[in-house]
Amino acid sequence: MLKTGIKGYAEVTVGQEHTAKTRKSGTLQVFATPAMIELIEEAAWKSVADELEEGCVSVGISLNIKHLSATPVGMKVSCRTELAEVDGRRLVFLAVVEDETGKVGEGIHERFIVSSEKFQKKADEKRGH
């Protein structure tokens, strides 16, 4: 049973594969915003995965984030999420992203609970059009 207050966590050590230059979101060798988004999504989906009905998963539908500070290669970045709202199949998470010196990002992430089989089938049917 999904209830507000469920907490999630994910972390990564920034490597070249996480930089703005590699992710094509800029030219600098710093933690990229797309990599921060991945970290937020990972913390959120993993936090509720075991609470969902069998055959269901959550998919990201919305992100509203601020990337507040740059993090260089070699530093650890972590994300903490908290399930703040459950509205039927819609889930709203608050996210805080920090590196070893403090907060580097924050935001709100929404996910939606779907049947994994139906969702994948619908996506795969697009190839036929």
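Look a little higher up for the structure.
Rules used in this analysis
- Residues numbered from 1 in each chain as written.
- Predicted model: local features only at pLDDT ≥ 70, side-chain atom pairs only at ≥ 80, totals over all residues.
- Heavy atoms only, no water.
- Helix = DSSP H or I, 4+ residues; strand = E, 2+ residues; numbered from the N terminus.
- Buried < 20%, exposed > 50% of the residue type's maximum accessible area, 1.4 Å probe, protein only.
- Lys, Arg positive; Asp, Glu negative; His and termini not counted.
- Salt bridge = Lys/Arg side-chain N within 4 Å of Asp/Glu carboxyl O.
- Polar contact = N/O pair within 3.5 Å; in protein donor to acceptor, adjacent residues only side chain to side chain.
- Contact = heavy atoms within 4.5 Å.
- Pairing = 2+ DSSP bridges.
- Axes fitted to C-alpha atoms, helices over the stretch in contact; angles between N-to-C directions.
- Expected span 1.5 Å × (residues − 1).

**Q** Describe in detail the side chain of D99, supporting the description with residues and values.
**A** Checked against the element boundaries, D99 lands in strand β4 (residues 90–99). One buried charge, D99, has no salt-bridge partner; the nearest side chain with opposite charge is K76, at 12 Å. A polar contact is formed between the side chain of D99 and the side chain of T101, at a distance of 2.7 Å. Beyond its immediate stretch of four places on either side in the chain, D99 contacts A70, T71, M75, K76, V77 and V104.

**Q** Let's hear about the sheet that holds strand β3 (residues 76–87): which residues, and what values?
**A** In a beta sheet, neighbouring strands pair by backbone hydrogen bonds and run either parallel or antiparallel. Taken in spatial order, the five strands line up as β1-β3-β4-β5-β2 in an open sheet, and their pairing is antiparallel. Each having just a single partner strand, β1 (7–13) and β2 (56–67) make up the two edges of the open sheet. Ignoring strand direction, the axes of neighbouring strands in this sheet form an average angle of 25 degrees. Pairing analysis gives 11 bridges linking β2 to strand β5 (residues 102–115), with the strands arranged antiparallel. For N64, the partnering residue across the bridge sits in β5 and is I108. Helix α2 (residues 33–49) contacts β1, β2, β3, β4 and β5 of the sheet and is inclined by roughly 140 degrees relative to β2. Across the sheet, helix α3 (residues 116–125) touches β2 and β5, and the angle it forms with β5 is around 90 degrees.

**Q** Explain the pattern of salt bridges residue by residue, including any values.
**A** Here the idea is simple: oppositely charged side chains can pair when their charged atoms come close. Tallied over the full model, the rule gives 10 salt bridges. Across the pair E38 and R23 runs a salt bridge whose closest N-O atoms are separated by 2.9 Å. Of this pair, E38 sits in helix α2 while R23 sits in helix α1 (residues 20–23), and the two are 15 residues apart along the sequence. E38 sits in the partly exposed class, given a relative accessible area of 44%.

**Q** Can you lay out unusual backbone geometry for me, pointing to particular residues and giving the numbers?
**A** Although it is not a glycine, K24 adopts a positive phi angle of roughly 65 degrees. When you line up the elements, K24 lands in the loop between α1 and α2.

**Q** Go over α2 with me, naming the residues and quoting the values.
**A** Spacing of three or four residues puts side chains on the same side of an α-helix, whose turn is 3.6 residues. Look at α2: 24 Å from first C-alpha to last across 17 residues, which is about the 24 Å you get at 1.5 Å a residue. Among the residues of α2, A35, M36, L39, I40, A43, A44, S47 and V48 are the ones counted as buried. Those residues of α2 hidden inside the fold are in contact with β1, α1, β2, β3, β4 and β5.

**Q** Tell me about the pairing of β4, and please be specific about residues and values.
**A** In this structure, β3 lies alongside β4, joined through 10 bridges in antiparallel fashion. Within the sheet, the bridge partner assigned to V86 lies in β4 and is L91. Here β3 hands over to β4 after two residues, with G88 in that stretch at a positive phi of 65 degrees. With 10 bridges connecting them, β4 and β5 associate as antiparallel partners. The partner of F93 across the bridge, within β5, is H109. Remark: two residues form the turn of the hairpin made by β4 and β5, two consecutive strands paired antiparallel.

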